[in-house]
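Coordinate inspection notes
Okay, here's what each chain looks like letter by letter:
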Amino acid sequence: MGRLENKVAVVTGASKGIGAAIAALFAAEGASVVVNYASSKSDADKVVAGILTCGGKAIAVKGDVSNAEHAIAIIDAAVAEFGRLDILVNNAGIYEFAPLLDITQEHFHKSFNINVLGPLLMTQAAAKHLGEGSSVINIGSNITHMKPPGSAVYAASKSAIETIGSVLAKELGGQKIRVNTLNPGPTRTEGTSQIMTNSEMSQHIINDTPLGRMGLPGDIASVALFLASDDSAWITGDVLLVSGGL
Ligand code: NAP
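As annotated in an unreviewed UniProt entry, the protein chain is Oxidoreductase from Pseudomonas fluorescens. Quoted verbatim from the Sequence similarities (unreviewed entry) field of UniProt, the annotation for the protein chain is "Belongs to the short-chain dehydrogenases/reductases (SDR) family."

1. A look at the pattern of salt bridges
Tallying each qualifying case throughout the model produces six salt bridges. Note that Lys-41 is salt-bridged to Asp-45, the shortest N-O span being 2.7 Å. One end of the pair, Lys-41, and the other, Asp-45, are both in helix α2 (residues 41-53), four residues apart, so they sit about a helical turn from each other. Taking the shortest distance from any N to any O, the salt bridge between Asp-219 and Arg-213 comes out at 2.8 Å.

2. Considering the packing of aromatic side chains
The relative placement of two aromatic rings is captured by the distance of their centres and the angle of their planes. Under the counting rule described, the total for this entry stands at three aromatic pairs. For the pair Tyr-95 and Tyr-154, a centre-to-centre distance of 6.0 Å together with 70° between the ring planes defines the contact as edge-to-face. With Tyr-95 in the loop between β4 (85-90) and α4 (105-127) and Tyr-154 in helix α6 (residues 152-173), the pair connects residues that are 59 residues apart, well separated along the chain. Each ring, one from Phe-108 and one from Phe-112, has its centre 4.5 Å from the other, and the planes form 20°; the classification is stacked. One end of the pair is Phe-108 and the other is Phe-112, both in helix α4 and four residues apart, which spans about a single turn.

3. Details of the side chain of Thr-189
Relative to the assigned elements, Thr-189 resides in the loop between β6 (178-184) and α7 (193-196). Among all residues touching Thr-189, those that are not within four sequence positions of it are Gly-17, Ile-18, Tyr-95 and Pro-217.

4. Details of the pairing of β6
β6 sits mainly inside the fold: seven of its seven residues count as buried. In β6, alternate side chains face the same way, and those of Arg-178, Asn-180, Leu-182 and Pro-184 on one face and Val-179, Thr-181 and Asn-183 on the other are all buried. Taken together, the five bridges between strand β5 (residues 130-139) and β6 define a ladder with parallel strand orientation. Paired with Ser-135 across the strands is Arg-178, a residue of β6. Both β6 and strand β7 (residues 239-242) contribute to a ladder of four bridges, which runs parallel. Counted as the bridge partner of Asn-183 is Leu-241 from β7.

5. Brief notes about the nonpolar core
Membership of the largest hydrophobic core comes to 34 residues, with the highest contact counts inside it found for Val-10, Val-34, Ile-74, Ile-75, Leu-85, Leu-88 and Met-122. Of all elements in the fold, only β1 (8-11), β3 (57-62), α3 (68-82), β4, α4, β5 and α6 reach the threshold of two or more residues within this core. Setting aside residues up to four positions removed in sequence, Leu-88 forms contacts with Val-10, Ile-75, Met-122, Thr-123, Ala-126, Ser-135, Val-136 and Ile-137. Ranked by size, the runner-up nonpolar core spans 33 residues in total, among them Leu-4, Ala-9, Ala-27 and Ala-224.

6. Focus: the packing of α3 against α4
Where α3 contacts α4, the axes come no closer than 9 Å and their chain directions differ by 45°. Our classification of the angle between α3 and α4 gives oblique. For the pair α3 and α4, the crossing hand works out as right-handed. Each of Ala-68, Ala-71, Ile-72, Ile-74 and Ile-75 in α3 lies in contact with α4, whose residues at this interface are Leu-121, Met-122, Ala-125 and Ala-126.

7. Looking at the environment of Ala-127
On the secondary structure map, Ala-127 appears in helix α4. Distance from Ala-127 to Thr-189, taken between C-alpha atoms, is 30 Å for residues 62 residues apart in sequence. Sequence-distant contacts of Ala-127, defined by excluding residues within four places in its chain, comprise Leu-172, Gln-175 and Ile-177.

8. As for the site of the ligand
Around the ligand, the structure places 33 residues, and the nearest of them are Ser-15, Lys-16, Ser-39, Tyr-95 and Thr-189. Between Gly-13 and the ligand, the recorded distance is 3.2 Å, taken from a backbone N or O atom to an oxygen atom. Residue Tyr-154 places a side-chain N or O atom 2.7 Å away from an oxygen atom belonging to the ligand. A total of 910 Å² of accessible area belongs to the ligand in isolation, and the protein chains cover 92% of it. Among the elements of the structure, α1 (17-28), β2 (32-37) and α6 are those that each provide at least two residues to the shell around the ligand. Its residues placed into classes, the shell around the ligand shows 13 nonpolar, 16 polar and four charged.

9. What to know about helix α8 (residues 200-208)
Side chains of residues three or four places apart in an α-helix project in the same direction, reflecting 3.6 residues per turn. Buried residues of α8: Ser-202, Ile-205 and Ile-206, and no others. Angular distribution of buried residues about the axis of α8 spans 95°; they occupy a single face of the element. The exposed residues of α8 that point more than 90 degrees off its buried face are Glu-200, Asn-207 and Asp-208. The inward-facing, buried residues of α8 contact α7.

Conventions used here
Residues numbered from 1 in each chain as written. Predicted model: local features only at pLDDT ≥ 70, side-chain atom pairs only at ≥ 80, totals over all residues. Heavy atoms only, no water. UniProt positions renumbered as here; feature names shortened; annotations may be inferred. Salt bridge = Lys/Arg side-chain N within 4 Å of Asp/Glu carboxyl O. Helix = DSSP H or I, 4+ residues; strand = E, 2+ residues; numbered from the N terminus. Phe/Tyr/Trp six-rings, centres within 6.5 Å; stacked < 30°, edge-to-face > 60°. Contact = heavy atoms within 4.5 Å. Buried < 20%, exposed > 50% of the residue type's maximum accessible area, 1.4 Å probe, protein only. Pairing = 2+ DSSP bridges. Core = buried A, V, L, I, M, F, W, Y, C linked by side-chain atoms within 4.5 Å. Axes fitted to C-alpha atoms, helices over the stretch in contact; angles between N-to-C directions. Parallel < 35°, antiparallel > 145°, perpendicular 65-115°, else oblique. Left-handed = near helix turned anticlockwise from the far one by under 90°. Near = heavy atom within 4 Å. Polar contact = N/O pair within 3.5 Å; in protein donor to acceptor, adjacent residues only side chain to side chain. Areas by Shrake-Rupley, 256 points an atom, 1.4 Å probe, with all protein chains shown as cover. Nonpolar A, V, L, I, M, F, W, Y, C, P; charged D, E, K, R; others polar. Arc of directions from axis to C-beta.

Listed below in structure tokens is the structure:
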């Protein structure tokens, strides 16, 4: 019996990378999964097809997490298809780097809309469906720990999500809903492949990581599974760093 048997999960930004790995692992552990995506329908369909082939349950649902109506529609699709909601993974995010002089209002608002407003709207839409024992997992970043130059906007958005997680853990604790932040270190995904494949930066990261390699989506998914399952029943309002020691 899987660790998420009879549970229903929504994973945002699950057409690729970390979100796709989380969706596949949750489904393998028995959860019915909504694979949310913004525009990459064929990628999301592939993630769903992979889950169905392995005997799992999943549907793909398009929607922009930073749009309140879309957020409600994504959650409603989960409840309409699978009858309940137990787990929300706020994974959808963008990482655009810019040094101070290149920061624009557009860059700021786009980053904060998707990385901060998105999880707020999704959790707001989910809250009325989540019951005792439910888990909300926000995917932050170890950028809040490393704070490299050029990351002011991105790192600030991920700091905001850590703080929001701690506040919402208090607001939702009375309903026995847990809220945690999972902060991955550099992880090889579709989104980071350009900067992290055979580049000088990727070599720096590998050299500085005690375990001597780049993170992989599966490294993050297994910790998301822990946070989603009752194995972490006494953890809420917390931040877990998952970066191979970086
Ligand atoms: P990725 O490969 O770039 O994939 C991003 C995913 O988010 C895609 O599924 C994309 O959908 C979706 N998305 C983007 N904007 C969206 C929106 N407005 N509404 C709904 N979905 C949206 O990302 P990743 O590297 O796996 O990163 C996932 C999360 O981990 C992000 O929050 C990121 O900040 C965090 N993180 C990543 C790393 C890393 O090194 N990879 C490190 C630390 C933290 P479409 O495909 O349809 O566009």
